[in-house]
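# Close look at the chain arrangement
Here is what each chain is made of, one letter per residue.
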Amino acid sequence: NRKGGVWVEQRERPRRNRKNEGMRSMVRENSVSAANFIYPLFIHTKDSNEPIESMPGCERHSVASALKEIGEAHSYGIQHIIIFPKIPEELKTNDAEECTNPDGLVPQVIRAIKQAYPNVNVWTDIALDPYSDQGHDGMVSDDNLGDGGKGRILNDETIRQLCRQAITHARAGADVVAPSDMMDGRIGAIRDALDFEGFTDVSIVAYTAKYASSYYGPFRDALDSAPRESSNAPPNKKTYQMDPANSREAVIEADLDSAEGADMLMVKPGLPYLDVIRVLRDNADLPIAAYHVSGEYAMMKAAVERGWLEERETVLETLLCFKRAGADAILTYYAKQAAKWLAEK
C-alpha cells in the first residue's frame, strides 16, 4: 500500500465489526439471560438430599431443600422452575394412579413453592413414567401385540390419566403443565380438560419434538424411570418418541400441537438437535423451548472434571447456541449457576 505495508486488495473486511468489545456488542445478534432459563429440580419424599452420581452437582431434594434451592435461584433472576419427582416404588402401578393424588408429592411441593415464592412460575412434568411400574410414559397393554411381541403403549387410555394429572397439578397451583409423554392428541385433550375445570390461565408447554434419544440415561437414573426389563413393556420408547433420523416429522408434530392449543413448543434433546430447533423456529409462530438434557450436562461435567473444558465459558457458549438456533427458553440443569455467572459479568 502507499504506506509501504502489505495489502491484500479487498474492500469487505468483516473483522472491522469485531475489532473491539464496543463494536462486537453493538452488532451481537443474540444474547442469553436468566429470564430465558427454566430450572429443573428433582424431588423425593425423604427428609435429606441424595446426590445423583451420574449428574454431578444435582441432587434429589427434600421439600425443604427444594425451597432453599429455589430461593437461591430466584435471587439470581430465575423465574421458572420445573419439578421432577422420584416416586416410592410401592406407589407405582401400570395406570400410574398416584399421579392424580391431590396430596401426592408433586401437589405438596407446588403448594409449598407458591406459598414461599408466589412470583415464581412453577412448571410440572405431565407423563406417567415416574409413577409407572413399567417405566413408560403411558399405560402398557397386557397383550403381546406391540413392537417386538411386547405390550402396546395405550394412547387414549394414557391421555385420560394425563388429563387427570394436569388438573391435579393445576388445582395445586401449577402455572405451566408440560406434557412430555408424546401421545397423539394429548395437547388438545389437556387443554379442554383444564379449560372445563376453569384453568384457562394455566399454560401448556408441549414436548413437541421429543426424540427416542440415548442422552436421557442420567435423568432416568435420577427418577428410576427407565423401561423395566422384567415387565411386558417394550424395552424402549421408540413407538411414541420420535426417530432421531427425522426432522420433517417435527413440523407435523408442531402443527398439531399448535392447533390443539399449546402455548410453547419444546425440542428434546437440545445440542444434538439444534437443526430441529431451527426447523421449528422457521415453521412455527409459537415460542420455542430447548431442553439441555441430562446426558449433555453429564458429558460437560465429565470433561470439566478432567480439565478438558473450561466450565463457565463452555456452558455460556452452549446456552447462547440454543438462542442462536431459535430457542426462546432453555431448560437446563445449569440454570442457577449460569444465572449466577451472568450476574457477575
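In what follows, the structure referred to is the one given above.
All values reported here derive from a predicted model rather than from experimental measurement.

## Regarding the overall build of the protein chain
- Helix and strand counts for the protein chain come out as 11 helices and 12 strands.
- On C-alpha atoms alone, the protein chain measures out to a radius of gyration of 22 Å, which is about the 20 Å that the 2.2 N^0.38 rule sets for 345 residues.
- Taking the principal axes of the C-alpha coordinates as reference, the protein chain spans close to 85 × 45 × 40 Å.
- The 345 residues of the protein chain split such that 53% are buried.

## Some remarks on unusual backbone geometry
- Omega for the peptide link from Lys268 to Pro269 comes to -5 degrees, which places this bond in the cis form.
- The residue Pro269 is located in the loop between strand 10 (264-268) and helix 8 (274-283) in this model.
- Despite not being glycine, Ala96 has its phi angle at roughly 55 degrees, a positive value.

## Some words on the packing of helix 7 (residues 248-260) against helix 8
- Running from N to C, helix 7 and helix 8 point in directions that differ by 45 degrees, and their axes come no closer than 10 Å. The orientation of helix 7 with respect to helix 8, classified from their angle, is oblique. Our pair here, helix 7 against helix 8, has a crossing hand that is right-handed. Residues Ala250, Val251 and Ala254 of helix 7 lie in contact with helix 8, whose contacting residues are Val276, Val279, Leu280 and Asn283.
- Here the residues of the contact of helix 7 with helix 8 are counted per class, giving 6 nonpolar, 1 polar and no charged.

## Concerning the packing of aromatic side chains
- Under the criterion given, the structure shown has 10 aromatic pairs.
- Considering the side-chain rings of Phe42 and Phe84, the 6.2 Å spacing of their centres and the 40 degrees angle between planes classify their relative orientation as tilted. On the criterion of sequence distance, the pair formed by Phe42 in strand 1 (residues 37-43) and Phe84 in strand 4 (residues 80-85) is long-range, its members being 42 residues apart. The exposure classification of Phe42 matches that of Phe84, with both residues buried.
- One cation-aromatic arrangement involves Lys268 over Phe219; the distance from NZ or CZ to the ring centre is 5.1 Å.
- We note Arg306 situated over the ring of Trp308; from NZ or CZ to the ring centre the distance is 5.9 Å.

Conventions we followed
Residues numbered from 1 in each chain as written. Predicted model: local features only at pLDDT ≥ 70, side-chain atom pairs only at ≥ 80, totals over all residues. Heavy atoms only, no water. Helix = DSSP H or I, 4+ residues; strand = E, 2+ residues; numbered from the N terminus. Rg over C-alpha atoms; globule rule 2.2 N^0.38 Å. Buried < 20%, exposed > 50% of the residue type's maximum accessible area, 1.4 Å probe, protein only. Axes fitted to C-alpha atoms, helices over the stretch in contact; angles between N-to-C directions. Parallel < 35°, antiparallel > 145°, perpendicular 65-115°, else oblique. Left-handed = near helix turned anticlockwise from the far one by under 90°. Contact = heavy atoms within 4.5 Å. Nonpolar A, V, L, I, M, F, W, Y, C, P; charged D, E, K, R; others polar. Phe/Tyr/Trp six-rings, centres within 6.5 Å; stacked < 30°, edge-to-face > 60°. Lys NZ or Arg CZ within 6 Å of the ring centre and 35° of its normal.

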